Amino acid sequence: MRYALLTAAALLIVAVFRRVLHANPTTVALGFLMLVLVTASRWRLAYSVYLSVLCTLLYNFFFLPPVGKLTITEPNNWVALAAFLACSVLVSHLSEREHQHAENAERGRREVERLYEFSQQLLLQEDLRTVARTTPSVVATVFGFRAAVLYVREDDGAYYSDPQNELLPLLDLKLAADQGEAGVSPRDGLHVISLALGMRSLGVLAVTGGEYSLQVYDAIGSLVAIALERAATVERSSRLEASRQSERLRTALLDSVTHDLRTPLTSIRAAATTLASQQDLPEAERAELTAVVDEESARLDRLIGQAVEMAQLDAETVQIRAQPQDVRELMEMTVEEMRPLLKDRAVEVQVAADVRRAPMDRALVHRVLRHLIENAVKYSPAGSPIELSAVRDEYRLRVMVADRGPGVEPGEQPFVFDKFFRGRKQRGQAGGTGMGLAIVKAIVEAHGGGIELISEAGKGSRFAFWLPLGNQGTELRAQSSGGGTRNPA
């Protein structure tokens, strides 16, 4: 079709110059050359070469004497004809080269875009098993391969993009990985890409159904190798960090046990020794020492109870039995129960009119309120008021405990819910293990809720926790306290 169109265009130029314009041979040659240039700029080399030869023949037959014959009598006309043909073919060749360069540049751009997209997809996963499982399907989708298979030496497993098309059996993949030849090896329509970093082989990737340069296959292999090594490094770092965190927690727990448990034990032992050695103590002193034993024993029991409670929450052995509870009644009951600790403090309980009953585990939420009230008493001036409030929105119950203490320093606020954490200024002001707020966070999150701290220096602290309102009558498995805070709203 294009050849016929070019032939018709050349004949049209002949007709125009012979019947309308009556131009000289030089003008005719320029007209033919312009047609060749336009053709070369738009179509492939074969079309422009065909047109060059056709225009040369037409130029000779219709415009060079003797007209009407494919012969030339004058030498200068031979020079003109040869120059025209050479110029036409040269222009066609140059145009073809530019076409090729443009196509190569466009193909390179598309390859770079696909490599970038592929690298972004690989970065979405961090654990080694997930990276290995998703890489074959991702590489097949991004680059349009019919199938892909990845063999990872670290876990000695093969992962296929299409389970129906295994490409290579596991044994062949192992052999290819053991050979450890760098680069890309085309074989039987497959491209087997060695995955290596330095001198260490990580595995092989085999793909089929793509037409890319060896450099692209090599780049794919490099990206996969980097992703595998990154995932393996992240896993090793996570295990190392977990080990360090566990060691830190063990050290903190040992320090806490050594300090916080030894203090009541020392008081109990001193009081018991005095009572045993001095039989003639006045009744008032004897009663005082007996009260010391009782108070310190209760304190010791409370510290051990917190440690056991935290261990249960960490082990996920606590069951959340959410039943509708009267929110105001629970808050007021907790306040009355803690009157010996509150002493003469004013405690204001404000419950919104639309807050009546909400699904929760009564015993566990009671613990949450106790810990938060105890925390407010411990870190606010004696006699300062404490405020408890409860509101609800469409999705959740929100409870707040506010004090008038010095507040929490901004740099310490992100860590107040960590186990065993205690603020720099608070360590010498009040006793404790630093587990209370961690227990609160674990219980609230086990309900599917969350907790946050709002604190300004000199203006006190407000701990606000929320519970979902859609879990009535269900039992939720307690989650580990190490999870992040979630806001269901």
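Residues numbered from 1 in each chain as written. Predicted model: local features only at pLDDT ≥ 70, side-chain atom pairs only at ≥ 80, totals over all residues. Heavy atoms only, no water.

## A closer look at the overall build of the protein
Next up, step 1: Summing up its helical and strand segments, the protein has twelve helices and 14 strands in all.
Next up, step 2: A burial count over the protein gives 41% of its 489 residues as buried.
Next up, step 3: When contacts within the protein are restricted to residue pairs at least 6 apart in sequence, those whose partners lie at least 24 apart make up 66%.
Next up, step 4: Approximately 26,500 Å² of the protein is accessible, and the part contributed by carbon and sulfur atoms is 56%. (Helix = DSSP H or I, 4+ residues; strand = E, 2+ residues; numbered from the N terminus. Buried < 20%, exposed > 50% of the residue type's maximum accessible area, 1.4 Å probe, protein only. Contact = heavy atoms within 4.5 Å. Areas by Shrake-Rupley, 256 points an atom, 1.4 Å probe, with all protein chains shown as cover.)

## Considering the side chain of Thr334
Next up, step 1: Looking at where Thr334 falls in the secondary structure, it is placed in helix H9 (residues 327-337).
Next up, step 2: For Thr334, the side chain forms a polar contact with the main-chain oxygen of Leu330, separated by 2.8 Å.
Next up, step 3: Those residues in contact with Thr334 that lie beyond four places of it in its chain are His366, Leu369, Arg370 and Ile373. (Polar contact = N/O pair within 3.5 Å; in protein donor to acceptor, adjacent residues only side chain to side chain.)

## Observations regarding the environment of Thr7
Next up, step 1: Along the polypeptide, Thr7 turns up in helix H1 (residues 2-21).
Next up, step 2: Distance in space between the C-alpha atoms of Thr7 and Leu54 is 7.7 Å, their sequence separation being 47 residues.
Next up, step 3: Those residues in contact with Thr7, other than ones at most four positions away along the chain, are Tyr50 and Leu54.

## Description of unusual backbone geometry
Next up, step 1: In this structure, Lys343 takes a positive phi of about 55° despite not being glycine.
Next up, step 2: Among the structural elements, Lys343 can be located in the loop between helix H10 (339-342) and strand S8 (347-351).
Next up, step 3: Lys343 gets classed as exposed once you look at its relative accessible area, which sits at 66%.

## Some details on the packing of helix H11 (residues 362-378) against helix H12 (residues 436-446)
Next up, step 1: Direction vectors running N to C along H11 and H12 enclose 150°, while the axes themselves pass 9 Å from each other. Here H12 runs roughly antiparallel to H11, going by the angle between their axes. Between H11 and H12 lies a crossing whose hand is left-handed. Taking contact as the criterion, the partners of Leu364, Arg367, Val368, His371, Leu372 and Asn375 in H11 are, on H12, Gly436, Leu437, Ile439, Val440, Ile443 and Val444.
Next up, step 2: Its residues assigned to classes, the contact of H11 with H12 shows eight nonpolar, three polar and one charged. (Axes fitted to C-alpha atoms, helices over the stretch in contact; angles between N-to-C directions. Parallel < 35°, antiparallel > 145°, perpendicular 65-115°, else oblique. Left-handed = near helix turned anticlockwise from the far one by under 90°. Nonpolar A, V, L, I, M, F, W, Y, C, P; charged D, E, K, R; others polar.)

## So, the packing of aromatic side chains
Next up, step 1: Tallied over the entire structure, the rule returns seven aromatic pairs.
Next up, step 2: Here Phe417 and Phe463 contribute two aromatic rings whose centre-to-centre distance is 6.1 Å and whose plane-to-plane angle is 85°, an arrangement assigned as edge-to-face. With Phe417 in the loop between strand S11 (396-402) and H12 and Phe463 in strand S13 (residues 461-468), this residue pair connects regions lying 46 residues apart in the sequence.
Next up, step 3: For Phe417, a relative accessible area of 13% translates into the label buried.
Next up, step 4: Looking at Phe463, the relative accessible area reads 5%, which means it is buried. (Phe/Tyr/Trp six-rings, centres within 6.5 Å; stacked < 30°, edge-to-face > 60°.)

## Notes on the nonpolar core
Next up, step 1: Residues Leu372, Leu397 and Phe465 are the most contacted members of the largest nonpolar core, which totals 42 residues.
Next up, step 2: No other element matches the eight residues that H11 contributes to this core.
Next up, step 3: Sequence-distant contacts of Leu372, defined by excluding residues within four places in its chain, comprise Val401, Leu437, Val440, Ile451, Phe463 and Phe465.
Next up, step 4: Formed by 30 residues, the second largest nonpolar core is a distinct cluster that contains Val131, Phe145, Ala225 and Leu228. (Core = buried A, V, L, I, M, F, W, Y, C linked by side-chain atoms within 4.5 Å.)

## Description of the pattern of salt bridges
Next up, step 1: Tallied over the full model, the rule gives 13 salt bridges.
Next up, step 2: When the shortest N-O distance is used, the salt bridge between Glu113 and Arg109 registers 2.5 Å. Of this pair, Glu113 and Arg109 are both found in helix H4 (residues 75-123), four residues apart, which corresponds to roughly one turn of the helix.
Next up, step 3: With relative accessibility at 42%, the residue Glu113 sits in the partly exposed group.
Next up, step 4: Note that Glu332 is salt-bridged to Arg328, the shortest N-O span being 3.3 Å. Here Glu332 pairs with Arg328, and both are found in helix H9, just four residues apart, close to one helical turn.
Next up, step 5: With relative accessibility at 34%, the residue Arg328 sits in the partly exposed group. (Salt bridge = Lys/Arg side-chain N within 4 Å of Asp/Glu carboxyl O.)

## Side note on the packing of H9 against H11
Next up, step 1: One can describe the packing of H9 onto H11 by two numbers: an axis separation of 10 Å at closest approach and a directional angle of 50°. As summarised for this structure, H9 and H11 are arranged oblique, according to the angle between their axes. The two elements H9 and H11 meet at a crossing, and its hand is right-handed. Residue-level inspection shows Glu329, Leu330, Met331, Met333, Thr334, Val335 and Glu337 of H9 in contact with H11, the latter providing Arg362, Val365, His366, Leu369, Arg370 and Ile373.
Next up, step 2: Class assignment for the residues of the contact of H9 with H11 results in seven nonpolar, two polar and four charged.

## Some thoughts on H11
Next up, step 1: Taking 1.5 Å of rise per residue, 17 residues should cover 24 Å, and H11 covers 24 Å from first to last C-alpha, within 8% of that figure.
Next up, step 2: Buried residues dominate H11, accounting for twelve of its 17 residues. (Expected span 1.5 Å × (residues − 1).)

## Description of the sheet that holds S13
Next up, step 1: Strand order in this open sheet of five strands is S8-S10-S11-S13-S12, and the pairing throughout is mixed. A single partner strand is all that each edge strand has here, and the edge strands are S8 and strand S12 (450-455). Adjacent strand axes in the sheet meet at a mean angle of 15°, parallel and antiparallel pairs treated alike.
Next up, step 2: On top of the sheet, H9 reaches S8, strand S10 (386-392) and S11; it is set at about 170° to S8, its chief contact.
Next up, step 3: With respect to the sheet, H11 is in contact with S10, S11, S12 and S13, its orientation differing from that of S13 by roughly 175°. (Pairing = 2+ DSSP bridges.)

## A short note on a nonpolar patch on the surface
Next up, step 1: Together, Leu12, Val16, Val20 and Leu21 make up an exposed nonpolar region whose accessible area comes to about 360 Å².
Next up, step 2: With respect to the element layout, Leu21 can be found in helix H1. (Patch = residues over 30% accessible without salt bridge, like charges linked within 9 Å, V, L, I, M, F, W, Y side chains within 5 Å.)

## Focus on the environment of Thr290
Next up, step 1: Along the chain, the position of Thr290 falls in helix H8 (residues 283-314).
Next up, step 2: Once the C-alpha coordinates of Thr290 and Ile268 are considered, the two residues, 22 residues apart in sequence, prove to be 9.1 Å apart.

## Some thoughts on the pairing of S11
Next up, step 1: Among the seven residues that make up S11, seven are buried, leaving the element largely enclosed by the rest of the structure.
Next up, step 2: Here S11 shows a buried face lined by Arg396, Arg398, Met400 and Ala402 and a second buried face lined by Leu397, Val399 and Val401.
Next up, step 3: Here S10 pairs with S11 via six bridges, running antiparallel. Pairing of Val391 across the sheet is with Arg398, part of S11.
Next up, step 4: The loop that links S10 with its antiparallel partner S11 comprises three residues.
Next up, step 5: Strand direction decides the pairing type here: S11 and S13, joined by seven bridges, are antiparallel. Looking at S13, one finds that Ala402 is bridged to Arg462.

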